[in-house]
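Observations on the three-dimensional arrangement
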Amino acid sequence: MNSSRISRDKLLGAAAEEFGERGIAGARVERIAAQAGVSKGLVYTHFGSKDELFDAVFADYVLETMRRVPFTAADLPEYAGRLHDWYLANPAAARLSRWYSLERGNDAQLETVSTSSAAKVEAITTAQEQGQVNLRLDAPTMLLAVLTLASMWAVKPPEITMLADRTRGAAVRRRAVVEAVRALTAP
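Since the structure is predicted, the reported quantities are computational estimates derived from the model, not experimental observations.

Of all hydrophobic cores here, the largest spans 26 residues; its most connected members are Leu11, Phe19, Ile32, Leu53, Phe54, Val57 and Phe58. Elements with a contribution of two residues or more to this core: helix 1 (3–26), helix 2 (29–36), helix 3 (40–47), helix 4 (50–68) and helix 6 (91–104). Among residues more than four places away in sequence, those in contact with leucine 11 are Ile32, Ala33, Ala36, Val38, Leu42, Val43, His46 and Phe47. With 21 residues, the next largest nonpolar core counts Val133, Ala139, Leu143 and Ala150 among its residues.

See the structure below:
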């Protein structure tokens, strides 16, 4: 592996930590460069801007999530359970998703996310047409609901955490996600 690739990988790792903790607005290129052990100028050489660096980090997380958590429209409850597991094992992925939604808003057009979302909506539409998923919600709304339920324990308010931690373990939380999605999607 050449040094340029190593530097880029180090930058992506350091940036994932920084963006996960502070979001786009709060992240500092100086901290990312220092954490990666490279010059600040190298960040701009590889990525052009802090926003482009965030997009590269987020696109990598989306691709990794897609690889680790295959989407199955015909079994949305189990997909939600696997995604729930992924978010709990990789809290940075959940935080980056939240920062992306908060700071990019409706103007976001990251190709990786757009392509992935469009494919999922198409698959849900097909599953609905085949009677595997109900028609109570249109496919885009169904996808959003499933994604929200899958991430609910990863992005919960601290007040709920205190209450839930007294009575629920990880297995119970996962079952709650799966059953909520089952109730939402059952034909």
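Attention now moves to the side chain of histidine 84. Considering the arrangement of structural elements, one finds histidine 84 in helix 5 (residues 76–89). Owing to a relative accessible area of 2%, histidine 84 belongs among the buried residues under this scheme. The contact partners of histidine 84, leaving out residues within four places of it in the chain, are Ala150, Trp153, Ala170, Arg173, Arg174 and Val177.

Here we come to the packing of helix 5 against helix 8 (residues 139–151). Two numbers describe how helix 5 lies on helix 8: the axes approach to 8 Å, and their chain directions differ by 40°. The orientation of helix 5 with respect to helix 8, classified from their angle, is oblique. Between helix 5 and helix 8 lies a crossing of right-handed hand. The residues of helix 8 that touch helix 5, namely those facing Leu76, Tyr79, Ala80, Leu83, His84 and Tyr87, are Met142, Val146, Leu147, Ala150 and Ser151. Partitioning the contact of helix 5 with helix 8 into residue classes produces 9 nonpolar, 2 polar and no charged.

Rules behind the numbers
- Residues numbered from 1 in each chain as written.
- Predicted model: local features only at pLDDT ≥ 70, side-chain atom pairs only at ≥ 80, totals over all residues.
- Heavy atoms only, no water.
- Core = buried A, V, L, I, M, F, W, Y, C linked by side-chain atoms within 4.5 Å.
- Buried < 20%, exposed > 50% of the residue type's maximum accessible area, 1.4 Å probe, protein only.
- Helix = DSSP H or I, 4+ residues; strand = E, 2+ residues; numbered from the N terminus.
- Contact = heavy atoms within 4.5 Å.
- Axes fitted to C-alpha atoms, helices over the stretch in contact; angles between N-to-C directions.
- Parallel < 35°, antiparallel > 145°, perpendicular 65-115°, else oblique.
- Left-handed = near helix turned anticlockwise from the far one by under 90°.
- Nonpolar A, V, L, I, M, F, W, Y, C, P; charged D, E, K, R; others polar.

Purely spatial values, then, with no claim about function.
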